[in-house]
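The primary structure of each chain is shown beneath.
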Amino acid sequence: MATGTLDPITTEIVRSAFTAAADEMNATLIRSAYTPIIYEMKDCSVALLDAEHRVLGQSAGLPIFLGNLEICTRICEEMYGRDGWEPGDVWIMNDSYMTGTHLNDMTAFGPIFVDGELTGFAACRAHWLDVGAKDPGGPMDSTEIYQEGIRLGPLKVVERGRQRRDVTDLLARNSRFGYPAAGDLGAQIACVRTGQRRLEAIVEKYGRETLEAARDEIFAQTERLERTLVAAIPDGVYHAQGCIDDDGTSDEPVWVRVVVTVAGEEMTIDVTGSDDARRGPINCGEAQAISACRVAYKLLINPDNPPDGGAFRPLSVNVRPGSLLGAEEPYPCQWYFTPLGLLIDLVVKALADVLPEQAAGASYGDSMIIGLAGVDPRNGRPFFDLEPTVGGWGAWQGSDGEDGLINNVNGSLKDLPIEVLETKFPLRMTEYSFRADSGGAGRWRGGNGVIREYTMDCDQAELFLWFERAKTPAWGLFGGGTATPPAVVLNPGHGDQRTMLKASRVPLSRGDVIRTMTGGGGGYGSPTERDSDALSRDIRAGHVTADVARTIYGLNAEEQQQ
Amino acid sequence: MTKMNNEQVAASAATIRAATDVGGTFTDLVYFVTDHSTGEQRVVTAKANTTPPDFERGVLEVLMRSGIRIGEINSLAHGTTVVINAIAERKGVLTGLITTRGFRDSLEIARGNRPDFFNLHYVKPEPFVPRYLRREVEGRLAQDGSERWPLQLDELPAIIDDFRHEGVQAIAICLLHSYANPAHERAVLEHVRNLWPEVSVVASHQITREWREYERTSTAVLSAYVQPIAERYLTRLSGGMRERGFGGQLYIVQSNCGVDSVEKTSEVPITMVESGPASGFWGAAELGRLIGESNVLALDIGGTTAKCSLIEGGQVKITSDYWIERSRLSAGYPILVPVVDLVEIGQGGGSIAWVDDFGKLHVGPQSAGALPGPAAYGRGGTAATTTDANLALGRIDRDYFCGGEIEADMDSVERALGPIAGRLGLDITEAARGIVRIANNNMVNALKLVSLNRGYDPRDFTLVAFGGGGGMHAAALAAELGMRKVVIPRAAEVFSAWGMLMSDLRRDYFITRLVSLAPDQGAAIRALLREAVDGALTQFSDEGIEPERISFRQYGRLRYENQEHSVEVPIPDGQLHAVAIKDLIDSFHQAYEREYTYRLDAPVEFVGLHVVASAEVGKLEPTRLAVTGRSLEDTRRPNRLVDYATEGIHEAAIYTGELLEPGMSFPGPAVVETKGTTVVVHPGNELTVDDYGNLHITLS
């Protein structure tokens, strides 16, 4: 046994106590959050850290926040010193260049003192509906971060247990939706306090010494495991590149380039070859680029183990300051996740040849956001519907990709029920269905995207769109086909029909129809090798049309008769 | 159904109330005979093998085997896993779905979420109706129930022809906004019945009046999927009982802790989905009332699973936010029926201990079941289970295993524990302690999920533990959670059956309807309430239940405008004037703050109703145990060494549970043994026996 006095059972029980504490923090946040983006879409993340900012327990939220809450406590400590931590304090911050993410993501954190000694930190991040950007929710075409809302470095919002009214007022005053912001702030503070109480209780129960021994053993186990798994990958240098369509302000594609080097039990993901930061809002801070690489690493290396402070030790990430993945002031970051979804898929692609069982074809790739804002004629109040859309996922060895599933950065986010949508907003949905043939063909077929069609039931409104990955639609692996890219059509079949992917403030009037279509996932293996029963099932279900069955899968007319 | 009238009951010498519970392995019978002259109450139990797929055979078998005269049973409450089994084993029937034009994929898109989000190979739960059997009809309602465009039924005959041709045996109907207005669903339902009178068909509004189309469609589909099976089962069961002379009342235990008639249950059998577990929690609430404990954490530890639920202020929590097969790894399937709010984990006496590739010890969720069972059964089981660890530590008496019915095979216990110990670098005893500690830890986490994670402090609650394994672990779990008191009910191993016999006829109605809480909106809420109550009364009166017997409780589901989570607040009787509306809002703020730790200065809206209708159907009257004056010494058996894991090895006093009498008390370390359970009393605990024979353990 590694730690002498500590038995393996106690280590397990301490591990479970850390996870349970993080889960309880998460439950507090979700239960008390005000806006659906947090409680329904789970756009949040929590972590319990030790005094050295290492993760003791982390709980579900967005995968893209993996392992970067600790950056916030570290930065705060660098700025205000180790002595700056006071019992009962809670801080918040959202600066994109520090946290890596967009200004809507507010991170709250507080120190945990046990018997007067700094013992750890509790932290959580949640997406706020509005932080006072130039457009509701956040702009589609910002060119500087100053257009994206209020920007905060570490700011004390609770001082020795008392919430600062002046800071709360400042935050509420800078949001179009002031009381939801105050409500979500309250939820985040409650979450941090839960973490503080739980860690105190854990230290009291097990004693500092046992706890630290257990923590060290947990970290060591995770590190050992990951080193073994990385060592099993053949050494080499692996490349992949792809582009997102544009930065929202021009038609220029934006390139993300990935070089993965595996040497023994170490892996380096280098993204320095990616494009320079761009004028439009597709840049992200370094912290988020690192998180995205960690997500990709985790998908391939160690998906089952909950992340802790021992995770990612074999992984280094190289980011170039000034590139779109290492954005600096004043480059805009509102859509920071768009290149990250691609980056994750590219790491998988780079390693597919050496990890053919773990890899999968690319997924539809981005959140595919539609925003509809206007005034609800039923009550005269402004409304704002902002929704991501599900799409198709890549196939893998032994299985088709999934049809209609949320994109990789979004985790367990749920779609908005039509019955709730029609009640809350003056909209009508006329179709929500699978988009046939949109998945890449293959021995294992890529998943299909969806069609979601809205009709306006109000006189005036504005349309916002952020649909992506038309220039690099989901690719297949090992002979699998490429998927159909996304498309949005305004008023299909009418004289004023328009097709678009990104849009800001397009005026709409009553009866206008917006037909959104998301892309599919990439196929795996050659379509001609597809099992004929699987193909007939697809045809029967309407996932694959007879035409594609004939032209791509090579089904002959005779077989089709059967 | 033949009813036994009051005179007949009075004329017989005793009242017999029986309960049968069909479990995964065994079908249990418990009956209580209350002697009219002495008031004495006897408990009789019997067991038979469960007999899938014809579960009713096991029930009839256990009745015959018990020696009870079926004709003398006054009432029989029946709990069954027939519905959950059919779903879990995918043994329902081929089902077709009819839905609104444009939305046949709602069932398969589900909510599009990916809970196992580091899994590149995540697989969504497969829909219970394949795409080629999901069909659409034209016609549309708006969210307020008004008609946007009329329903078109002309395509229905072709759909039904297809369904017949494809071998469909059940049809689910779910149309958009039918929770607000079921007119279109009713029309489709009627038309389907005309076109195909023999087919089993259900429309979503018959089960739930709540919004969210995916959840409601899933509910209707799962109900249709099991309907023919459940109907056949219930018909055979009641027929078989009648043939054997049963003339009493047969009630089916529902997931909302109530019972209902066979006829009503056959219409919407999905309400039986948690038929078994619910009654234990109801029992815990009833027991709490009996012994003056209104805040209870109830824990049921069986052979394969442990289930827990929180009871606050004497009320079992009933919600319609129920999912099956949902986990960290899977989105699961929603079923919008009233179900007791419970958490279930794969952790019981038969749970298997194993060491993973990285040297970590786990217990469960795999179970050794009844065959081969724990290694100690000596039936070829080679895996070490929690029960084996408890035997190795002397917590279970190796000489009185399973009430003396099975000789504990201690050699196989050692053989099973050996490899675990080896992998962990521990000796066998340390490994056994490890298994018990991990098992306890898993159960503590489940108890935290229903308490701490929902804003309740377990220290404000009493732990009521039952099922075969409840008494074994309860005191350790309570200590871990800082709780002060544990109660192990008398006959804890059949406590669920006791709960069944304490149940009322109960129906929960959840209705979504957004109403603003402006001072003049009282009439609108009152009208909605009237609609719900009248609907319930009509239903009851159609079944011959008089309105005088029915009592109603009514709750508004309120929330801050546009927020997701609603909180239930009781709606007072009488007119809802402006003042009453204000009171309603005030009580919402209070309830909200209690649950979510803060309140907001924000508008409040009314999202719907929860109406509970219940009628007493002749509950069991618990009676006090007789005191013979037996001395505590006479209940003792020889002391033995018991390993209390982290608390060390102690010489424990051993008591025969069946001999304990009200008023007796003793300190731990001790063990109370009955034929069905073992109660472990830790050093520093104090045990007392109450008037009803329940064991109260006070922690220091």
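Computed from a prediction, not measured in an experiment: that's the story for all the values here.

Bringing the domain arrangement of chain B into the picture now. All names here are of chain B. Partitioning chain B into structural domains gives domain 1 (6–88 + 236–272), domain 2 (95–231) and domain 3 (505–615). Taking only C-alpha atoms into account, the centre of domain 1 sits 34 Å from that of domain 2. The partner domain 2 presents 11 residues to the 9 residues of domain 1 that form the contact. Residue contributions to the side of domain 1 that touches domain 2 peak at 4 residues, all from helix H3 (residues 82–88). For the side of domain 1 that touches domain 2, the residue count by class is 8 nonpolar, 1 polar and no charged.

By way of backbone hydrogen bonds, the strands of a sheet pair with one another, either parallel or antiparallel. Residues and elements named next belong to chain A. Strand order in the open sheet formed by 5 strands is E14-E15-E20-E17-E18, with antiparallel pairing between adjacent strands. Two strands close off the open sheet at either side, each with one partner strand: strand E14 (427–434) and strand E18 (498–500). For this sheet, the mean inter-axis angle between neighbouring strands, taken without regard to orientation, is 15°. Examined bridge by bridge, strand E17 (residues 487–490) and E18 share 3 bridges and lie antiparallel to one another. Bridge pairing in E18 places Leu 490 opposite Arg 498.

Quick look at the pairing of strand E21 (residues 351–355) of chain B now. All names here are of chain B. Here 4 bridges tie E21 to strand E22 (residues 361–367), and the two strands are oriented antiparallel to one another. Each bridged residue has a counterpart across the sheet, and for Val 355 the counterpart in E22 is Leu 361. Hairpin geometry of E21 and E22 is characterised by an intervening segment of 5 residues between the two adjacent antiparallel strands and by a positive phi of about 80° at Gly 359.

This part covers the interface of chain A and chain B. Tallying the contact residues gives 55 residues for chain A and 53 residues for chain B. Residue assignment for the side of chain A that touches chain B shows that the elements contributing at least two residues are helix H1 (8–32), helix H2 (36–39), helix H6 (178–206), helix H7 (208–231), helix H8 (286–301), helix H10 (418–424), E14 and helix H11 (532–541) of chain A. When residues of the side of chain A that touches chain B are assigned to their parent elements, the largest contribution, 11 residues, is made by H1 of chain A. Among the residues making up the side of chain A that touches chain B, the classes are represented as 29 nonpolar, 13 polar and 13 charged.

Counting 351 residues, the largest nonpolar core has Leu 29, Ala 123, Val 347 and Val 348 of chain A together with Leu 463 of chain B as its most contacted members. By residue number, the principal contributor to this core is helix H7 (residues 213–243) of chain B, which donates 13 residues. When near neighbours in sequence (up to four residues on either side) are disregarded, Leu 463 of chain B contacts Leu 297, Leu 299, Ala 474, Leu 477, Ala 478, Met 483 and Val 486 of chain B. Among the nonpolar cores identified, the runner-up in size contains 14 residues, and Leu 558, Tyr 560, Tyr 592 and Tyr 596 of chain B belong to it.

Before going further, it helps to spend a moment on the packing of H8 of chain A against helix H9 (residues 337–351) of chain A. Residue and element names in this part refer to chain A. Between H8 and H9, the least distance of the axes is 9 Å, while the angle of their chain directions is 40°. For the element pair H8 / H9, the angle class is oblique. The interaxial crossing formed by H8 with H9 has right-handed handedness. In this structure, H8 uses Gln 288, Ala 292, Cys 293, Val 295, Ala 296, Leu 299 and Leu 300 to contact H9, whose residues at the interface are Leu 340, Leu 343, Ile 344, Val 347, Val 348 and Leu 351. The residue makeup of the contact of H8 with H9, split by class, is 12 nonpolar, 1 polar and no charged.

Conventions and cut-offs
- Residues numbered from 1 in each chain as written.
- Chains lettered and ligands numbered in written order.
- Predicted model: local features only at pLDDT ≥ 70, side-chain atom pairs only at ≥ 80, totals over all residues.
- Domains from an automatic or database assignment.
- Contact = placed C-beta atoms within 7 Å.
- Helix = DSSP H or I, 4+ residues; strand = E, 2+ residues; numbered from the N terminus.
- Nonpolar A, V, L, I, M, F, W, Y, C, P; charged D, E, K, R; others polar.
- Pairing = 2+ DSSP bridges.
- Axes fitted to C-alpha atoms, helices over the stretch in contact; angles between N-to-C directions.
- Core = buried A, V, L, I, M, F, W, Y, C linked by C-beta atoms within 7 Å.
- Buried ≥ 20, exposed ≤ 12 C-beta atoms within 10 Å, placed from the backbone.
- Parallel < 35°, antiparallel > 145°, perpendicular 65-115°, else oblique.
- Left-handed = near helix turned anticlockwise from the far one by under 90°.

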